[in-house]
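Here is what each chain is made of, one letter per residue.
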Amino acid sequence: LKVNMSSTSYDFSKTAGQPICCRAMVARGPCIPMTEESITVGVPRKGEVRVKVMANALCHTDIYTLGGSDPEGLFPCILGHEAGCIVESVGEGVISVCPGDHVVPCYTPQCGEPTCIFCMSPRTNLCPKIRSTQGQGVMPDGTSRFTDKDGNVLYHFMGCSTMAEYTVLADISCAKISKKMPLGKACLFGCGVATGLGAVWNTCKVERGSSVAVFGLGAVGLAVIQGAKMAGATMIIAIDINPGKFDIAKQLGATHCVNSKTLDKPVQKHIAGDMTPWGVDYSFDCTGNVNVMRAALECAHRGWGESCVIGVAASGHEISTRPFQLVTGRVWKGTAFGGFKSRSDVPKLVEANLKGDLPIDHFITHEFDGVGATNSAVDALHSGTCLRAVVTYCPDAK
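Residues numbered from 1 in each chain as written. Predicted model: local features only at pLDDT ≥ 70, side-chain atom pairs only at ≥ 80, totals over all residues. Heavy atoms only, no water.

**Considerations on the sheet that holds strand β14 (residues 306–309)**
Strand order across the open sheet formed by six strands is β12-β11-β10-β13-β14-β15, with parallel pairing between neighbours. With partners counted over all chains shown, the strands left at the sheet margins are β12 (256–259) and β15 (331–334), one partner each. Direction aside, the axes of adjacent strands within the sheet are offset by 20° on average. Bridge count for β14 against β15 is four bridges, and the pairing is parallel. Note on β15: the bridge partner recorded for V309 is G334. (Pairing = 2+ DSSP bridges. Helix = DSSP H or I, 4+ residues; strand = E, 2+ residues; numbered from the N terminus. Axes fitted to C-alpha atoms, helices over the stretch in contact; angles between N-to-C directions.)

**Looking at the sheet that holds strand β6 (residues 146–148)**
Taken in spatial order, the four strands make up an open sheet running β1-β2-β6-β7, and their pairing is antiparallel. Only two strands of the sheet have a single partner each, and these edge strands are β1 (20–26) and β7 (153–154). Looking at chain direction, β1 and strand β2 (residues 35–41) are connected through seven bridges and run antiparallel. Within β2, the residue paired with C22 across the bridge is I39.

**Description of the packing of helix α5 (residues 192–203) against helix α6 (residues 219–231)**
At their nearest, the axes of α5 and α6 sit 7 Å apart, and the two run at 40° to each other. On the basis of the axis angle, α5 is oblique to α6. Where α5 crosses over α6, the two elements pack in a sense that is right-handed. Counted together, G192, V193, G196, L197, V200 and W201 of α5 and V220, A223, V224, G227, A228, M230 and A231 of α6 form the full contact between these two elements. Here the residues of the contact of α5 with α6 are counted per class, giving ten nonpolar, three polar and no charged. (Parallel < 35°, antiparallel > 145°, perpendicular 65-115°, else oblique. Left-handed = near helix turned anticlockwise from the far one by under 90°. Contact = heavy atoms within 4.5 Å. Nonpolar A, V, L, I, M, F, W, Y, C, P; charged D, E, K, R; others polar.)

Put into structure tokens, the structure is as follows:
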């Protein structure tokens, strides 16, 4: 992989305390290709961190917003939220990271304050400390750090905005990681791969010997399969309408593959009836399709089956099922970032990878150079053969 900064150092003394002019992909509106532009990234303020983005991976959530499906989508903005970065400078009061540290930006922050009932609870990772401003496309103080060449304000995205050579983050959104980890791989732990693994390990706590059904074999779905295999699941059913994804699913642990498009009955009846007598112990929707979410629930085991919604549905869509499905013991739940507490847990995922216990190279199917190649990465993501496209921003990082 192209980005490994473990032996490279940067002198940020000339930029600290000064605005930085750099290149970024700007999304001017929904369903419009992003444009490569020169932007200015402001100085980090209190509780903020400015980072040099070394590599960024494309996630379907970026495409979801670019396509106009995100109810919180604001334009013009800078998208991107799966990245590996180096801290360039920090604002007042920041002690958790310092210039030169390697970080993964996390759209789910972790303030860790004793008064935060969410951070203090082992039951959730949904810290609300900066949720309201993050959803409004601004920093916690209500302002943006981005302006275009004409001085017009650009919105932030998911508290990350990593489709730029530099970005500004809240310090509580920065997971400090080992400098031994290639940043072009570390970026995968910023969203999709971590989400799939965590849905299995944290949200559902899949046990050894369990049966599992996974709907949708993108990077998230394949991470669910990998996580389920590592958890000891013995029956792992992979469901997709693209049979070209079945080989990698089997390599990661799928024991059965189903092309739901070829069935003569609803897929839930095929799984709970033909493949199993009562359904699977755990099912996961990784598609964002509300009809698939229903199918995933209805193939869960009578009496105790759990179904986890991971995929994000388009604005205005609602889920439905017969109440009898829940009365007869099935549980419907959801997950964000796989339940991982970002600043505490992302470094642990990185360490697991460095030890060889958590391989992730197989997710990177496409690589591009330079922020301007991001639209090509978007095209790759639409191709049906791409799991993760990683865009490397710095030539000296190869």
